[in-house]
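Per-entry structural report
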Amino acid sequence: MPGKKVVILGSGDIGLIMARRMTLEGAEVKAVAELMPYSGGLKRNIVQCLDDFGIPLKLSHTVVDIKGKERVEGITLAEVDENRRPIPGTEEFFECDTLLLSVGLIPENELSGQAGVKLSNVTSGPVVNESLETNVEGIFACGNVLHVHDLVDFVSEEAGNAGRNAALYINNNGEDRIPEEIKITLSPQNGVRYTVPSEIRICHMAEEQLVRFRVGNVYKNCYIRAYLDGERIFSRKKQVAAPERWNRSN
């Protein structure tokens, strides 16, 4: 054990699960702090990893000071405003000997970069088309190489699609390309951070094209809408859209 009194910064699923794990191993988790006004983890993990153990979740908070030289002796949390800047006068000191940081994941993109694959500025993973193929012909991406997933079910589903498309490419010897084929570039707007795929080739599009996307905030009683050349072609009401979960539309 790294310590006995712990504060965790970051409320993604790994941070939440580590709060439970550290507690089960005998540590006292003083608090889980989150810079954003919402948790980045699944609701069930908030309940099972924090609520069930009486661990407080402090939203819109961050670490502003760490006390200790040879090892951590305590940290100070402060509330942040809408610009994520600490609010003077809201500081709260926690005595602890361990500060666990769970402040974001990026895809396993080292091989992608070495292969010359174009990476997204938002996800840091490959940019793919409807077949999950990258800009490098014959290289397909899926799972946590493509983007960080919340559920392994989505990884498996995505891997199956990428595998089928890779097999089709091999069987066709890569000769199914149309030089001037029509492409649709997806442009995420109005709360949508990014989509997978980023581009759809009309001639390769399935009869029902799945588009997954992630939002940048919590939205309630909202609408998922798609437009083509200014015309609305899809609309569906959604009770809750949250950053920690993948959303999908067909």
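Structure shown above.
Below, the structure is looked at part by part. (Residues numbered from 1 in each chain as written. Predicted model: local features only at pLDDT ≥ 70, side-chain atom pairs only at ≥ 80, totals over all residues. Heavy atoms only, no water.)

1. Remarks on the sheet that holds strand β4 (residues 61–67)
The strand order across the open sheet formed by three strands is β4-β5-β6, and the pairing between neighbours is antiparallel. Two strands bound the open sheet, and with one partner strand each, they are β4 and β6 (92–95). Adjacent strand axes in the sheet meet at a mean angle of 30° when their direction is disregarded. Across four bridges, strand β5 (residues 74–79) lies against β6 in antiparallel orientation. Following the sheet pairing, Thr76 is matched in β6 by Phe93. (Pairing = 2+ DSSP bridges. Helix = DSSP H or I, 4+ residues; strand = E, 2+ residues; numbered from the N terminus. Axes fitted to C-alpha atoms, helices over the stretch in contact; angles between N-to-C directions.)

2. Some words on the sheet that holds strand β1 (residues 5–9)
Read from one edge of the open sheet, four strands run β3-β2-β1-β7, paired in parallel fashion. For this open sheet the edge positions go to β3 (57–59) and β7 (98–101), each flanked by a neighbour on one side alone. When the angles between neighbouring strand axes are averaged without regard to direction, this sheet yields 20°. Where β1 and β7 come together, four bridges link them in parallel fashion. Looking at β7, one finds that Ile8 is bridged to Leu100.

3. Digging into the pairing of β4
Regular strands show a simple pattern: their side chains alternate between the two faces of the sheet. Alignment of β4 against β5, held across six bridges, turns out to be antiparallel. The residue of β5 that forms the bridge with Ile66 is Ile75. Connecting β4 to the next strand, β5, in antiparallel fashion are six residues, including Gly68 with a positive phi near 130°.

4. Considering the nonpolar core
Counting residues in hydrophobic clusters, the biggest one holds 13 residues, and the most contacted among them are Val6, Ile8, Ala19, Val29, Val32, Leu50 and Ile55. Those elements giving two or more residues to this core turn out to be β1, α1 (13–24), β2 (28–34) and α2 (43–50). Apart from the residues lying within four places of it in its own chain, the contact partners of Val6 are Met22, Ala27, Glu28, Val29, Lys30, Ala31, Cys96, Thr98 and Leu100. (Core = buried A, V, L, I, M, F, W, Y, C linked by side-chain atoms within 4.5 Å. Buried < 20%, exposed > 50% of the residue type's maximum accessible area, 1.4 Å probe, protein only. Contact = heavy atoms within 4.5 Å.)

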